[in-house]
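# Topology and contacts: notes
Spelled out from the first residue to the last, the chains are:
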Amino acid sequence: MDGCQNSDTNTTALGFCLLPSELIQSILFSLALPEIIRMKLVNKFLAYLISDRDFIRQCNLRSRSATWLFVYKKRWRRDATIHGFSDQSNRWFKVCIDDLMKQVLFYPGEDVYLLTASGNIFLFASNNQKVVIAVNLVSKTVKKIPPCPLGPRGTSSWRRSGMKLVPEPSGSGHFRFLFVELVETTPVVFEYNSETEKWHCREARESNGNNPRNDCMFLNAHNSPHESLVVAVGSDQTPLFILRPRLGNRERQPATTSNWANINDRRHVYGDGHMMILKSTSVDGSDRRRAAKVLSSIEIWGISLKSGNWEHVSNVPSEIMEQIGKPYGVMIGCLEARNGTIRAVLMSNFEGLWDITWLTYEKQSNIWNWMSLPDCKMKGANLAGITFSSGLSLT
């Protein structure tokens, strides 16, 4: 359905449109949202059907339950492409954003990084212009966000787990963007509102024994294997509390603002008040200076709302570890926890080949699931961001 339609395609589309409307809707509901959006381009009848209010309402109810993984990749001075994979599909969907980005970028090949995504909104950071760019993939709109109170920031300043994108539930296309930064020694939360187009900031304070609520957002100000500094963010009227979760009596290590902490054969991934510890072993006979490694165990920890420390949640079962324990040279990942479900993606590279593993843990049932994602044709491309998202809709 991309590009020009040939005569066979037109004949097939015409035959499809002659089916009863109820059957057509049933078929459309079985498609992922990017496929439904492309179907609007087939002909006027399908565009009219998909634009119907009742169809949009039912479609949004279905699509908003899906969780998406988005990978942004680009080739030097070529196409800028977002690849999306849903937990309700079995293949990648490709969205080229070149035409949108040309409206705000100065020249092709500009250094752009995907920060985060939620609903229909995607945020990118431009390293050349030192700005954040908001893209709405459904309405096909793009705009630059005014500089935050800290001034212009490059991509290295934005690459942190302590940020959150919150779309407005009204379907207006507006959103809030929050991130935390240490100003001198005080964690400060900066929030941008797209409706007012203004920033405001609030300082966090020590919790003094106050426990955060279950519906708080957790923004990491810095991370280390021994202790992290996390800010619990509630509603506008709720004070921002500082949490300092600790992990037992483990050896102290340098802190970092990144969502990764690498210590020899142990790596930590942070997100949404949780931490994933990846332990690896070197492949026998390899040179440790450029050694390939294999994952040996994965642990999930969460911030205890009672003690404020890291609390063990679960380990990935050994039978899953046997399946995902492939050699790797470089590995990155992302982690999210939402509605009682923890999701993690590990993206590894070994000798130029990428491998992507999606892990899911249901807290209430204590069940782990995993899947190895199909190839999204990363060879020859630069990885420029990876993020989970949910709430994608037709409005």
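No experiment lies behind these values; they were computed from the predicted model shown. (Residues numbered from 1 in each chain as written. Predicted model: local features only at pLDDT ≥ 70, side-chain atom pairs only at ≥ 80, totals over all residues. Heavy atoms only, no water.)

Right, let's talk about the sheet that holds strand β6 (residues 131-136) for a bit. Strand order in this open sheet of four strands is β4-β5-β6-β7, and the pairing throughout is antiparallel. The open sheet has two free edges, formed respectively by β4 (112-118) and β7 (141-145), since each of these has just one partner strand. Geometrically, the sheet is characterised by an average inter-axis angle of 25 degrees between neighbouring strands, direction not taken into account. Two strands pair when backbone bridges link them, and β4 and strand β5 (residues 121-126) are joined in this way by six bridges, in the antiparallel orientation. If you follow Thr116 over to β5, its bridge partner there is Leu123. (Pairing = 2+ DSSP bridges. Helix = DSSP H or I, 4+ residues; strand = E, 2+ residues; numbered from the N terminus. Axes fitted to C-alpha atoms, helices over the stretch in contact; angles between N-to-C directions.)

Turning our attention to the pattern of salt bridges. Scanning all chains against the criterion turns up 11 salt bridges. Across the pair Arg246 and Glu227 runs a salt bridge, and its minimum N-O distance is 2.5 Å. Pair noted here: Arg246 is in the loop between β15 (241-243) and β16 (260-263) and Glu227 is in the loop between β13 (217-222) and β14 (229-233), with a separation of 19 residues, a long-range link. Of the residues examined, Arg246 reaches a relative accessible area of 40% and is grouped as partly exposed. Using a relative accessible area of 16% as the deciding quantity, one classes Glu227 as buried. Note that Lys279 is salt-bridged to Glu299, the shortest N-O span being 3.1 Å. With Lys279 in strand β18 (residues 274-282) and Glu299 in strand β19 (residues 293-303), this pair connects stretches of sequence that are 20 residues apart. Judged by its relative accessible area of 10%, Glu299 is buried. What you see here is one network of salt bridges that share partners, running through Glu336, Arg338 and Arg343. (Salt bridge = Lys/Arg side-chain N within 4 Å of Asp/Glu carboxyl O. Buried < 20%, exposed > 50% of the residue type's maximum accessible area, 1.4 Å probe, protein only.)

Attention now goes to the packing of aromatic side chains. Scanning all chains against the criterion turns up 18 aromatic pairs. Between the aromatic rings of Tyr270 and Trp310, the centroid separation amounts to 6.3 Å while the plane-to-plane angle is 45 degrees, which identifies the pairing as tilted. Within this pair, whereas Tyr270 is found in strand β17 (residues 266-271), its partner Trp310 is found in strand β20 (residues 310-315), the two being separated by 40 residues in sequence. On the basis of relative accessible area, Tyr270 is assigned to the buried category, the value being 2%. Cluster of aromatic residues (ring-pair linked, three or more members): Trp158, Phe175, Phe177, Phe179, Phe190, Tyr192 and Trp199. The aromatic ring of Phe29 is capped on one face by Arg62, whose charged end is 4.5 Å from the ring centroid. When the ring centre of Trp158 is taken as origin, the NZ or CZ atom of Arg153, which lies over that ring, is 4.5 Å away. (Phe/Tyr/Trp six-rings, centres within 6.5 Å; stacked < 30°, edge-to-face > 60°. Lys NZ or Arg CZ within 6 Å of the ring centre and 35° of its normal.)

This part is about unusual backbone geometry. Trans peptide bonds make up most of the peptide bonds, and negative phi angles are found at most residues other than glycine. Of note in the backbone geometry, Glu351 takes a positive phi value of approximately 55 degrees without being a glycine. With respect to the secondary-structure elements, Glu351 resides in the loop between β22 (341-350) and β23 (353-362). Overall, the relative accessible area of 70% leaves Glu351 in the exposed class. Even without being a glycine, Asn366 presents a positive backbone phi close to 60 degrees.

The next thing to look at is the nonpolar core. Tyr72, Met101, Leu123, Phe124, Ile133, Phe175 and Phe177 are the most contacted members of the largest nonpolar core, which has 59 residues in total. If near-sequence neighbours (up to four positions away) are discounted, Tyr72 is found in contact with Ala80, Thr81, Ile82, Ile97, Val112, Leu114, Phe124, Asn382, Leu383, Ala384 and Gly385. Counting 19 residues, the second-largest nonpolar core is a separate cluster that includes Leu278, Ile298, Met331 and Leu335. (Core = buried A, V, L, I, M, F, W, Y, C linked by side-chain atoms within 4.5 Å. Contact = heavy atoms within 4.5 Å.)

Before going further, it helps to examine helix α5 (residues 53-63). What α5 keeps buried is the set Phe55, Ile56, Cys59, Asn60 and Ser63. Viewed along the axis of α5, the buried residues span an arc of 125 degrees, placing them on a single side of the element. Away from its buried face, by an angle of more than 90 degrees, α5 presents the exposed residues Arg53 and Leu61. Looking at the buried side of α5, the elements it contacts are α2 (21-29), α3 (33-39) and α4 (44-50). Looking at where α5 begins, the residue whose side-chain oxygen comes 3.1 Å from the main-chain nitrogen of Asp54 is Asp52. (Arc of directions from axis to C-beta. Polar contact = N/O pair within 3.5 Å; in protein donor to acceptor, adjacent residues only side chain to side chain.)

For the rest of this paragraph, the subject is the environment of Leu46. Checked against the element boundaries, Leu46 lands in helix α4. Since its relative accessible area comes to 1%, Leu46 is described here as buried. Taking the C-alpha atoms as reference points, Leu46 and Leu28, 18 residues apart in sequence, are found 9.8 Å from one another.

Mapped onto the elements, Gln25 comes out in helix α2. C-alpha separation for the pair Gln25 and Ile50, spaced 25 residues apart in sequence, amounts to 8.5 Å.

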